[in-house]
Amino acid sequence: MNSQDMSIVNLVLHASWVVQLVMLLLVGVSIASWAAIFRKLFALKRVKSLNEDFEREFWSGTSLNDLYASAAQNAKHAGPMERIFASGMREYQKLRERRISDPGTLLDGARRAMRASFQREMDVVESSLSFLGSVASVSPYVGLFGTVWGIMHAFTGFAGMEQVTLATVAPGIAEALVATAIGLFAAIPAVIAYNRFARDIDRVATHQETFIEEFSNILQRNLGAHPGSPSGH
């Protein structure tokens, strides 16, 4: 390749097939990474919005029975916090139907149901996060592999030359380095997104755990005040 014609496109087209394969893989990973980033961005925004809407309604003074009826009807479109609440209320009512009146048993059953629901919701919220972590950690090494292979291929081609100058070496080295550049291009956004999402998910988890404790306290107060089905808070 002419040393004067070293655009990115020409460097990619003139690279060895192994380096081109590495570049193609990294480009595909980068596209998948960006798709995961946007999906997670919108998903977390929706989770936060739904949780805030439910929490606002929860503390507005609406009775627990009315909230549970609404959550049961809106199960498919409810947010994580609303589903956690519904799990606790469902277990509480099942225990009441079995004529269990011990406050400790009722409260423990509701709490365990909410913790199980919390774990399921967090598994959903954390989906794709491991993929971004893998892209962030592996992509630079894949790009480095392409670069090392490209440099080896370039120097093998120089073996038959009597005189090697910078003009003859530069294109081959540049072709190889493009792989590392693409690897970094895939990894850097994934690192930034992973750290941002991990922090946001931790906040969502803390928020939902706080709600579980607050709702458990409300159930405990209601059980102490009147052992029947809770109606208000």
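The structure contained in this document is the topic of the report that follows. In this text the structure is predicted, and so the values were computed from the model without any measurement.

**Examining the packing of helix H2 (residues 17-58) against helix H4 (residues 80-97)**
Inference 1: Interaxial distance between H2 and H4 falls to 7 Å at its minimum, and their mutual angle equals 50°. Here H2 is positioned oblique relative to H4, judged by the angle of their axes. When H2 is examined against H4, the residues Val-47, Asn-51, Phe-54, Glu-55 and Phe-58 are found in contact with a partner set consisting of Pro-80, Met-81, Glu-82 and Phe-85.
Inference 2: Looking at the contact of H2 with H4, its residues break down into 6 nonpolar, 1 polar and 2 charged.

**Considering the pattern of salt bridges**
Inference 1: Summed over all chains, the structure comprises 7 salt bridges.
Inference 2: Ionic pairing is found between Lys-48 and Asp-200, a salt bridge with its closest N-O pair at 3.7 Å. With Lys-48 in helix H2 and Asp-200 in helix H7 (residues 166-225), the pair connects residues that are 152 residues apart, well separated along the chain.
Inference 3: The partly exposed category is assigned to Lys-48, whose relative accessible area is 33%.
Inference 4: Its relative accessible area of 4% is what places Asp-200 among the buried residues.
Inference 5: With its nearest N and O atoms 3.1 Å apart, the salt bridge here joins Arg-111 to Glu-213. One end of the pair, Arg-111, is in helix H5 (residues 103-125); the other, Glu-213, is in helix H7, with 102 residues separating them in the sequence.

**As for the nonpolar core**
Inference 1: Core analysis: the biggest nonpolar cluster contains 37 residues, and Phe-54, Phe-58, Leu-64, Phe-85, Phe-197, Phe-211 and Phe-215 have the highest contact counts within it.
Inference 2: Looking at this core, the elements with two or more residues in it are H2, helix H3 (64-73), H4, H5, helix H6 (129-158) and H7.
Inference 3: Broken down by element, this core gets its largest block of residues, 11 residues, from H7.
Inference 4: With near-sequence residues (within four places) excluded, Phe-215 lies in contact with Phe-58, Leu-64, Phe-85, Met-89 and Met-114.

**Some remarks on the environment of Glu-55**
Inference 1: Note on placement: Glu-55 falls in helix H2.
Inference 2: Since its relative accessible area comes to 16%, Glu-55 is described here as buried.
Inference 3: In this structure, the C-alpha to C-alpha distance between Glu-55 and Glu-82, residues 27 residues apart in sequence, is 8.2 Å.
Inference 4: Discounting chain neighbours no more than four positions away, the residues touching Glu-55 are Met-81, His-207 and Glu-214.

**A closer look at the packing of aromatic side chains**
Between two aromatic rings, the relevant description is the distance of the centres plus the angle of the planes.
Inference 1: Throughout the structure, instances matching the rule amount to 11 aromatic pairs.
Inference 2: Between Phe-58 and Phe-85, the ring centres sit 5.9 Å apart and the planes meet at 75°, which makes this aromatic pair edge-to-face. With Phe-58 in helix H2 and Phe-85 in helix H4, this residue pair connects regions lying 27 residues apart in the sequence.
Inference 3: Plain terms: the ring middles of Phe-211 and Phe-215 are 6.0 Å apart, the flat faces sit at 10° to each other, and that makes the pair stacked.

**Some details on a nonpolar patch on the surface**
Inference 1: Together, Trp-34, Phe-38, Leu-41, Phe-42 and Phe-185 line one region of the surface with nonpolar side chains, adding up to about 530 Å² of accessible area.
Inference 2: The element contributing the most residues to the nonpolar patch is H2, with 4 residues.
Inference 3: Structurally, Phe-42 is set in helix H2.
Inference 4: A relative accessible area of 56% places Phe-42 in the exposed class.

Procedures and definitions
- Sequence order as written defines residue numbering, which begins from 1 separately in each chain.
- With pLDDT at 70 or above as the cut-off, local features in this predicted model cover only qualifying residues; side-chain atom pairs require 80 or more to be listed or tallied, and sums for whole chains, interfaces and linings still use all residues.
- Think of the side-chain values as coming from all heavy atoms in the structure, minus any hydrogens and water.
- Between N-to-C directions, angles cover 0 to 180 degrees, with each direction set by a line fitted to C-alpha atoms, over the stretch in contact for helices.
- Helical segments are the DSSP runs of H or I of at least four residues, strand segments are the runs of E of at least two, and each set is numbered from the N terminus.
- Roughly parallel means an angle under 35 degrees; roughly antiparallel, over 145; roughly perpendicular, 65 to 115; everything else is oblique.
- Any two residues whose heavy atoms approach within 4.5 Å at even a single point are treated as in contact.
- Any residue that is not Ala, Val, Leu, Ile, Met, Phe, Trp, Tyr, Cys, Pro, Asp, Glu, Lys or Arg is counted as polar, Gly included; the first ten are nonpolar and the last four charged.
- Any carboxyl oxygen of Asp or Glu within 4 Å of a side-chain nitrogen of Lys or Arg constitutes a salt bridge here.
- A 1.4 Å probe rolled over the protein chains alone gives each residue an accessible area, and that area as a share of the maximum for its type sets the label: buried under 20%, exposed over 50%, partly exposed in between.
- Residues belong to a common nonpolar core when they are buried Ala, Val, Leu, Ile, Met, Phe, Trp, Tyr or Cys residues joined through side-chain atoms within 4.5 Å.
- Any two rings among Phe, Tyr and Trp, with Trp reduced to its six-membered ring, count as a pair given centres within 6.5 Å; such a pair is stacked if its planes are under 30 degrees apart, edge-to-face if over 60, and tilted if neither.
- Any residue with relative accessible area above 30% and no salt bridge may belong to a patch, with like charges joined within 9 Å and the nonpolar Val, Leu, Ile, Met, Phe, Trp and Tyr side chains within 5 Å.
- To measure how exposed things are, a 1.4 Å probe is used in the Shrake-Rupley method; for residues, cover is taken only from the protein chains shown.

From the geometry alone we can't say anything about function, so treat these as descriptive.
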